[in-house]
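Single-letter residue listing:
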Amino acid sequence: MPVEVKIDDLIRMGILSDFDRQEQPKKLARQLKKEGIIEHFNFKNEVFTLSRMANDDCLYLDTVSRRCTIYALRPDTCRNHPKIGPRPGYCPYQPR
Ligand code: SF4
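To start, this report covers the structure provided alongside it. Everything numeric here is computed off the predicted structure, so don't read it as measured data.

1. Let's talk about the nonpolar core
Reasoning step 1: If you look at the biggest cluster of nonpolar residues, it comprises 14 residues, and the most contacted ones within it are Val5, Leu10, Ala29, Leu32, Ile38, Phe48 and Leu50.
Reasoning step 2: Looking at this core, the elements that each hand over two or more residues are α2 (25-34) and β3 (47-50).
Reasoning step 3: For this core, the element with the highest residue contribution is α2, accounting for three residues.
Reasoning step 4: Discounting chain neighbours no more than four positions away, the residues touching Ile38 are Ala29, Leu32, Lys33, Phe48, Thr49, Leu50 and Ser51.

Take a look at the structure:
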């Protein structure tokens, strides 16, 4: 499932810095796309879609443990995922 994030999420995740808020979102999106971090940017809503691995897994999902590698810094979308309740360390998008 593609994960949509805002600039605040990208800053928390350590991908962007507070300083980057001064940049044009379009320019940031171009840079992040080039680095393979995002696969899409919605200009109207300023929402970035994180890139996925070839098997559709999130870039931040550990392939062996199936746990989120950035759990403490995960995007709001993941924090607010309604389907599976909080299970510390695990990605809410994965089956139990
Ligand atoms: S919880 Fe972690 S692994 Fe799961 S979608 Fe969010 S960032 Fe990716």
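Next, the rest of the story.
2. Looking at the site of the ligand
Reasoning step 1: What surrounds the ligand is the set Val3, Cys58, Tyr60, Leu61, Cys68, Ile70, Arg74, Pro75, Cys78, Cys91, Pro92 and Tyr93.
Reasoning step 2: Grouping the constituent residues of the shell around the ligand by class yields eleven nonpolar, no polar and one charged.

3. A word on the sheet that holds strand β2 (residues 38-42)
Reasoning step 1: Reading across the sheet, the three strands line up as β1-β3-β2 and stay open at both edges, with antiparallel pairing between neighbours. Looking at the sheet topology across the chains shown, the edges are occupied by β1 (4-5) and β2.
Reasoning step 2: When β1 meets β3, the two strands line up antiparallel, connected through two bridges. Within the sheet, the bridge partner assigned to Glu4 lies in β3 and is Thr49.
Reasoning step 3: Packing of α2 onto the sheet brings it into contact with β2 and β3, and relative to β2 it is tilted by some 165°.

4. Section: the pairing of β3
Reasoning step 1: Burial along β3 is one-sided: the residues Phe48 and Leu50 are buried and none of Val47 and Thr49 is.
Reasoning step 2: Here β2 pairs with β3 via four bridges, running antiparallel. Bridge pairing in β3 places Phe41 opposite Phe48.
Reasoning step 3: Joining the antiparallel neighbours β2 and β3 is a turn of four residues, in which Glu46 adopts a positive phi near 55°.

5. Section: the environment of Leu16
Reasoning step 1: Within the secondary structure layout, Leu16 lies in the loop between α1 (7-12) and α2.
Reasoning step 2: For Leu16 and Leu28, which are twelve residues apart along the polypeptide, the C-alpha to C-alpha distance reads 8.8 Å.
Reasoning step 3: Non-local contacts of Leu16, meaning those with residues more than four positions away in its chain, are made with Ile7, Leu10, Ile11 and Leu28.

6. With respect to the environment of Glu46
Reasoning step 1: Take Glu46: it is sitting in the loop between β2 and β3.
Reasoning step 2: The sequence separation of Glu46 and Asp62 amounts to 16 residues, and the corresponding C-alpha distance is 28 Å.
Reasoning step 3: The contact partners of Glu46, leaving out residues within four places of it in the chain, are Lys6, Ile7 and Pro25.

Calculation criteria
Residues numbered from 1 in each chain as written. Predicted model: local features only at pLDDT ≥ 70, side-chain atom pairs only at ≥ 80, totals over all residues. Core = buried A, V, L, I, M, F, W, Y, C linked by C-beta atoms within 7 Å. Buried ≥ 20, exposed ≤ 12 C-beta atoms within 10 Å, placed from the backbone. Helix = DSSP H or I, 4+ residues; strand = E, 2+ residues; numbered from the N terminus. Contact = placed C-beta atoms within 7 Å. Near = placed C-beta within 6 Å. Nonpolar A, V, L, I, M, F, W, Y, C, P; charged D, E, K, R; others polar. Pairing = 2+ DSSP bridges. Axes fitted to C-alpha atoms, helices over the stretch in contact; angles between N-to-C directions.

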